[in-house]
Amino acid sequence: MLVRGVRIWDAQGAKQGHARLGTETERPALAGETESPSREQLAQALAGGVVSVRPQADSEGLERILAQLVDAEGRPTGAVEITLDVTARQRTEAMLRERLVFEELIMNLSTQLVGLPVDAVDEGVQDALRAIGEFAHVDRAYVFRFSSDGMAMDNTHEWCAPGIHPVIDMMQAAPLEVFPWWMARIRNRELIHVPDIFALPPEADAERATLIDQGVKSVLALPLIYQRTVVGFVGFDAVRETKTWHDADFGLLRIASELLVSALERKRAEESRRALEAQLIQARSLENVARLAGGVAHDFNNLLAIILNYASILRRELTNADQADKMSELYEAARRAADLTRQLLLMGRRDVVEPVLLDLNAVVRSLEILVEQAIGETIELRLSLDGDIGLARIGLPQIEQVVLNLVVNARDAMCGGGVLTLETSEIEVDARHAARFIDVKPGTYLRLRVIDTGVGMPPEVASRAFEPFFTTKETGTGLGLSTVYGVVEQAGGHVLLSSEVGKGTTVDIYLPVVRDGVAADIRPAPADDAPKGRGETVLVVEDSPSVRRLVCAMLQANGYSPIEASAGRDALEVMAKHDGVIDVLLTDVILPQMSGRDLAIQARAVHGISRILFMSGYHDDIIVHHGFLEPGTQLLQKPFLEHDLLRAMRKVLDAPAPPESRPSR
């Protein structure tokens, strides 16, 4: 406090003298400095009291004190009046009061944000930005969040004072590398306080230009830190006039930033949980459909095998062209039924597949002509294949079906033409990306990306895209993307779909990369006749009489000598009574009396039959349960055609002979 003046009053209230610090030119008199005390105030002072004289309204910053004057004997002789300049003290008191109000504001925000339901977090963050912005007299308050890969940022929330133009739409997917000076400090967990943006250093030219474009004069930004990781920042802009923040504000603002990021991350975690829950529900839905399909697959595939093969035989034998055409229609209908059954099993990840090492680039190139035929002339096909990628372990028919299903979907979304792009690359999946999915582990993956420029899907449609039987097409089955999902999941990968109405859809297929091994040769086999038998004896064990008769007939017609049995124990009796050599045991996996696996074990051990070919129409869970997907197992999947049977039979017979088993009889 500064003493601005001293005045002396006698006992009758008359002024005896005065003194002012400084001359008139050095310090002009302040309002209220020349006021006289009242008689009552003088009387109190003369009586020995210390009187504080309240200054007039226009004399802010002054305080006057009256005190008693006494002579040498201690008798009152008058009063002394001291005028004090308390401007600094009042300013400090005002700042303390403001800080208390700010602290109360932050405490209230803490209570509000912590107790907010997840669905109300965005609104709560907006309210918090508004409250802080209005209290601090800034013009804009906002939140930026970094992308999961740490390469870009999005302006997710923004509050603007009345009359201030919002800029949130201009700051979406902004590359972090564009603002190196700013991002270096945020990533280093530093507070950025720039009272005058023209005072920014030369290395912050990009930041200065952006702030000028947005009309900003002063800015303050604090990093948002969650679990020791910088995930974004909160900022405050002064647009109409410059602003300097007080050091005391920074601690409270850091608390506010912690409250904001805690609420936002809680919302993100809940959204992630809901997404995983939706994936689990979807997986269970696929599981239920797969159980339904798998439950009837065996009998249905047996029926289809009979229909397909007899239709094929009759089609060759019929001489009447009209009848042959009708038989061809019957044959094609049965083929479509077989394809639908296979698609249902694939969708539920229950088809028996033989995974091989594949070069995705070779697979895509092998399908190029077929894809071009499928999409037509109005759609341009573009291939972007990374030449330096590893291999994928997946069945060739399955990955071909994945590609073709996605191509057909893309084609249907581009009725007026467009561009279809197929890309391959290697991608590092980090822990944050992996956490978005069920049973996805971080690591290196092959990514097959299918991009179209079609109509796109709204969020409510995209969220159901992988549901079985869900379709927006008038003639669709709703199994295309469900099949893709099932195949990829079975191969240990995952699928990611993104779509925007009017811009198109992107589907990413992630498959675990394999470094060791040689890619399988996927070139088509020569188009020669199916290999014939050479008189070999084949024991056919099948519980369905119709299928058994059909298989025996096809083998008989192609140079084999079939013998038959309807069950496991019956087959052992046939082996025991047969005088000659049985070259191959062709047995169903699931049989009455005993399983095909147990039959094969006894055939090897007791009767020396070392060449075994299994056949089944069941799905893979049942096959695995009975132990038939061991390495080296030869399995013929029903329904099969004659040439499938003959090629499989020849493959077993022409393979190197297994170690001999001596009969015990």
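Predicted, not measured: the structure shown is a model, and the values here were computed from it. (Residues numbered from 1 in each chain as written. Predicted model: local features only at pLDDT ≥ 70, side-chain atom pairs only at ≥ 80, totals over all residues. Heavy atoms only, no water.)

### Notes on the overall build of the protein chain
- From N to C terminus, the protein chain includes 18 helices and 23 strands.
- Residue burial in the protein chain is summarised as follows: out of 665 residues, 45% are buried.
- Considering only intrachain contacts with a sequence separation of at least 6, the fraction spanning at least 24 residues in the protein chain is 67%.
- Of the roughly 34300 Å² of accessible surface on the protein chain, a fraction of 53% belongs to carbon and sulfur atoms. (Helix = DSSP H or I, 4+ residues; strand = E, 2+ residues; numbered from the N terminus. Buried < 20%, exposed > 50% of the residue type's maximum accessible area, 1.4 Å probe, protein only. Contact = heavy atoms within 4.5 Å. Areas by Shrake-Rupley, 256 points an atom, 1.4 Å probe, with all protein chains shown as cover.)

### A short note on the pattern of salt bridges
- Throughout the structure, instances matching the rule amount to 29 salt bridges.
- Between lysine 326 and aspartate 322 there is a salt bridge, and its shortest N-O distance comes to 3.4 Å. In this pair, lysine 326 and aspartate 322 are both assigned in helix 7 (residues 321–347), four residues apart and thus about one turn of the helix distant.
- Since its relative accessible area comes to 56%, lysine 326 is described here as exposed.
- Owing to a relative accessible area of 44%, aspartate 322 belongs among the partly exposed residues under this scheme. (Salt bridge = Lys/Arg side-chain N within 4 Å of Asp/Glu carboxyl O.)

### Here we look at unusual backbone geometry
- Here lysine 638 and proline 639 are connected by a cis peptide whose omega angle stands at -5 degrees.
- When you line up the elements, proline 639 lands in the loop between strand 23 (635–637) and helix 18 (642–654).
- For glutamine 227, which is not a glycine, the phi torsion comes out positive at approximately 50 degrees.
- Among the structural elements, glutamine 227 can be located in the loop between strand 10 (218–226) and strand 11 (229–238).
- In this structure, glutamine 593 is a non-glycine residue whose phi angle is positive, near 75 degrees.
- Positionally, glutamine 593 belongs in the loop between strand 21 (584–588) and helix 16 (596–607).
- Under the relative-accessibility criterion, glutamine 593 is labelled partly exposed at 43%.

### Some remarks on the side chain of aspartate 588
- Within the secondary structure, aspartate 588 is located in strand 21.
- Separated by 3.2 Å, the side chains of aspartate 588 and lysine 638 make a polar contact. (Polar contact = N/O pair within 3.5 Å; in protein donor to acceptor, adjacent residues only side chain to side chain.)

### What about the environment of leucine 222?
- Secondary-structure assignment places leucine 222 in strand 10.
- Under the relative-accessibility criterion, leucine 222 is labelled buried at 1%.

### What to know about helix 10 (residues 396–412)
- Its 17 residues place the ends of helix 10 24 Å apart at the C-alpha level, agreeing with the 24 Å of an ideal helix rising 1.5 Å per residue.
- Where helix 10 is concerned, the buried positions are Leu396, Gln398, Ile399, Gln401, Val402, Val403, Asn405, Leu406, Val407 and Ala410. (Expected span 1.5 Å × (residues − 1).)

### What to know about the nonpolar core
- Counting residues in each nonpolar core, the largest one holds 42 residues, and the members touching the most others are Ile399, Val402, Leu406, Leu420, Leu497, Ile509 and Leu511.
- The contact partners of leucine 497, leaving out residues within four places of it in the chain, are Met457, Ala462, Ala465, Phe466, Leu481, Thr505, Thr506 and Val507.
- Counting residues in each nonpolar core, the second largest holds 37 residues, with Ile106, Ile164, Val234 and Val239 among its members. (Core = buried A, V, L, I, M, F, W, Y, C linked by side-chain atoms within 4.5 Å.)

### Digging into the side chain of aspartate 139
- In this structure, aspartate 139 sits in the loop between helix 3 (121–136) and strand 6 (140–146).
- A polar contact of 2.9 Å, which involves the side chain of aspartate 139, links it to the side chain of arginine 240.

### A few points about the packing of aromatic side chains
- Applying the stated rule across the entire model yields five aromatic pairs.
- Seen in terms of ring centroids, tyrosine 142 and phenylalanine 144 are 5.8 Å apart; in terms of plane orientation they differ by 90 degrees. Their pairing is edge-to-face.
- In this structure phenylalanine 144 comes out as buried when scored by relative accessible area, which is 5%.
- Through pairs of rings, three or more aromatic residues link up here, namely Tyr142, Phe144, Trp182 and Phe233.
- The ring of tryptophan 245 has lysine 243 sitting right over it, with the charged end atom 4.8 Å from the ring centre.
- In this arrangement the basic side chain of arginine 315 is found over the ring face of tyrosine 331, its NZ or CZ atom lying 4.1 Å from the centre. (Phe/Tyr/Trp six-rings, centres within 6.5 Å; stacked < 30°, edge-to-face > 60°. Lys NZ or Arg CZ within 6 Å of the ring centre and 35° of its normal.)

### Details of the sheet that holds strand 7 (residues 152–160)
- The strand order across the open sheet built from six strands is 8-7-6-11-10-9, with neighbouring strands paired in antiparallel fashion. On the outer flanks of this sheet lie strand 8 (174–175) and strand 9 (192–194), each paired with one strand and no other.
- Relative to strand 8, strand 7 runs antiparallel, the two sharing two bridges. Counted as the bridge partner of methionine 153 is alanine 174 from strand 8. (Pairing = 2+ DSSP bridges.)

### What about the environment of phenylalanine 466?
- One can find phenylalanine 466 in the loop between helix 12 (459–462) and helix 13 (480–490).
- Given a relative accessible area of 9%, phenylalanine 466 falls into the buried group.
- In the structure, phenylalanine 466 is positioned 16 residues away from serine 482 in sequence and 4.8 Å away in space, judged by C-alpha atoms.

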